[in-house]
Amino acid sequence: MKKLNPQKIKKDFPIFDGQPELVYLDSASSSQTPQVVLDAMNEYYTGYRANIHRALYDASQRATNAYEEARKDIARFIGADEKEIIFTSGATASSNMLASMLKQYLPLKAGDEIVTTVMEHHSNLLPLRKLAKEKKLVIKHIAITDDFELDMKQAEKYITTKTKIVSVSLASNVLGTVNDIKRLGALAHKRGAVMIADGTEAVGHIPVDVRALDCDFLFFSAHKMCGPTGIGILYGKKELLEKIEPSVVGGGIVTKVTKTEIIYKPAPERFESGTPNIAGAIGLGSAIRYLESIGMKAIHAHTSKLTALAQKKLNALPGIAVLSGKRAGGNSGIVSFVIDGMHPHDISHILAEENVAVRAGHHCAMLLGEALGYPATTRASFYLYNSEKDIAALITAIKKAQKIFTKNF
Ligand SMILES: Cc1ncc(COP(=O)(O)O)c(C=O)c1O
């Protein structure tokens, strides 16, 4: 495995040219974009901009080819078939779309159960809640252990013949913990339930193979993995997608419409009505080729090393609680923390003055805040362009914040 050189990688990202002092530790919120991705999108807009799947002239054919090539890139990247890749506007759109589709597809009755966890992002949790309310389903939330891992014993108890859907993040957006989707999927399938993985903090950060995970659905956003905003993916197993009807309907998804009949195209076209984010798809394809050129194993090894180092350095500070998955290789690159007597927003404000960009708040995971006993935390997240120097800057800035607070309060 090639070792990655973050200083060299930084040169691929124009933001660091303009702001060499920036210590960007917020890739879990949105990553930075390499020049190759900007170039790929710009080339579409300036060289062959046209709608796809519609016309026979050169620009439209080029656009269609580039869009479909991007679908192949994504399929290869997660070990799927290209027919299993649906373009959406992002993880949140994918998750909502999926919940609506499952509402129609699954034979759900009052009292049936959904199993999820306390560490879910609201984008996974709330569509499940809406579905549960509409169909009078019961939701069970798997708890976390003191090591910030899922309580798998509880998972085994919770997943029963009443369970129709199990939906769990592949990696937590607050703890970084990488969850055992394969095991949860096996439990779900044994009981006849579908397994959904929220891959938003995992794809592009750790190697992901949907066949190895054996999940039925997986969704994620491009903007957290070097791609543009406004584009995401819903992966679904071919045999399921062929049986499911689209929840969003419109142009481009039918082979026939009469006054009494609609015949949908096969998957994935039937799920992509309307003009999609063509430049976004092309940008995501380019981001994937960029990540592949560096290597996902090398990226994960690099962020794992940084995560472990950050956990160690933070733990050495006084009055701090570090909330982050500790298992070797089991963290997607995220370290959250709280410091005695300081609100996370104050910490992030002082850090921002030192050019250290982190995120503070509930991170759209309020059930987790409740479970941890900390409604708000400060979160540092690491990616391929971060280095040990960034961790040193983080620690220096936190020490400064602690000094300001002990002096003034
Ligand atoms: C685990 C997880 N799921 C879903 C989402 C929603 O992603 P988006 O805002 O791109 O739709 C996020 C974003 O922070 C996330 O971290």
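Residues numbered from 1 in each chain as written. Predicted model: local features only at pLDDT ≥ 70, side-chain atom pairs only at ≥ 80, totals over all residues. Heavy atoms only, no water.

(A) Representation of the domain arrangement of the chain in the model. Split into domains, the chain comes out as domain 1 (6–32 + 295–408) and domain 2 (38–292). On a C-alpha basis, the centres of domain 1 and domain 2 stand 28 Å from each other. Listed as interface residues are 40 residues of domain 1 and, on the opposing side, 33 residues of domain 2. Of the roughly 3,000 Å² buried at the junction of domain 1 and domain 2 (both faces included), carbon and sulfur atoms supply 58%. Interface area lost by domain 1 to domain 2 is led by Met296, Leu367 and Leu368, which between them contribute 20%. Here domain 1 and domain 2 share two salt bridges between them. Between Lys326 and Asp147 there is a salt bridge whose closest N-O contact spans 3.8 Å. Joining domain 1 to domain 2, the criterion identifies 22 residue pairs in polar contact (both at pLDDT 80 or more). Where the side of domain 1 that touches domain 2 is concerned, the elements lending two or more residues are helix 12 (296–315), strand 11 (320–323), strand 12 (334–339), helix 14 (366–372) and strand 15 (377–381). (Domains from an automatic or database assignment. Contact = heavy atoms within 4.5 Å. Buried area = accessible area lost by both parts, 1.4 Å probe. Salt bridge = Lys/Arg side-chain N within 4 Å of Asp/Glu carboxyl O. Polar contact = N/O pair within 3.5 Å; in protein donor to acceptor, adjacent residues only side chain to side chain. Helix = DSSP H or I, 4+ residues; strand = E, 2+ residues; numbered from the N terminus.)

(B) Quick look at the packing of aromatic side chains. Counted according to the given criterion, the structure contains eight aromatic pairs. Seen from their ring centres, Phe16 and Tyr385 are 5.4 Å apart, and the 55 degrees between their planes marks the pair as tilted. Taken as a pair, Phe16 in helix 2 (residues 14–18) and Tyr385 in the loop between strand 15 and helix 15 (388–408) lie far apart in primary sequence, 369 residues in all. Among the residues examined, Tyr385 registers a relative accessible area of 1% and is labelled buried. Centre to centre, the rings of Tyr67 and Phe87 are 4.7 Å apart; their planes meet at 40 degrees, and the pair counts as tilted. With Tyr67 in helix 4 (residues 58–78) and Phe87 in strand 2 (residues 85–88), the pair connects residues that are 20 residues apart, well separated along the chain. Residue classification places Tyr67 among the buried positions, given a relative accessible area of 1%. One aromatic cluster is present, built from ring pairs that chain together Phe13, Phe16, Tyr290, Tyr383 and Tyr385. Positioned above the aromatic ring of Phe16, the side-chain terminus of Lys10 is 4.9 Å from the ring centre. (Phe/Tyr/Trp six-rings, centres within 6.5 Å; stacked < 30°, edge-to-face > 60°. Buried < 20%, exposed > 50% of the residue type's maximum accessible area, 1.4 Å probe, protein only. Lys NZ or Arg CZ within 6 Å of the ring centre and 35° of its normal.)

(C) Quick peek at the pattern of salt bridges. Within this structure, the stated rule accounts for 23 salt bridges. For Arg327, the salt bridge identified is with Glu149, shortest N-O distance 2.8 Å. Pair noted here: Arg327 is in the loop between strand 11 and strand 12 and Glu149 is in the loop between strand 4 (138–142) and helix 7 (152–158), with a separation of 178 residues, a long-range link. Judged by its relative accessible area of 37%, Arg327 falls in the partly exposed class.

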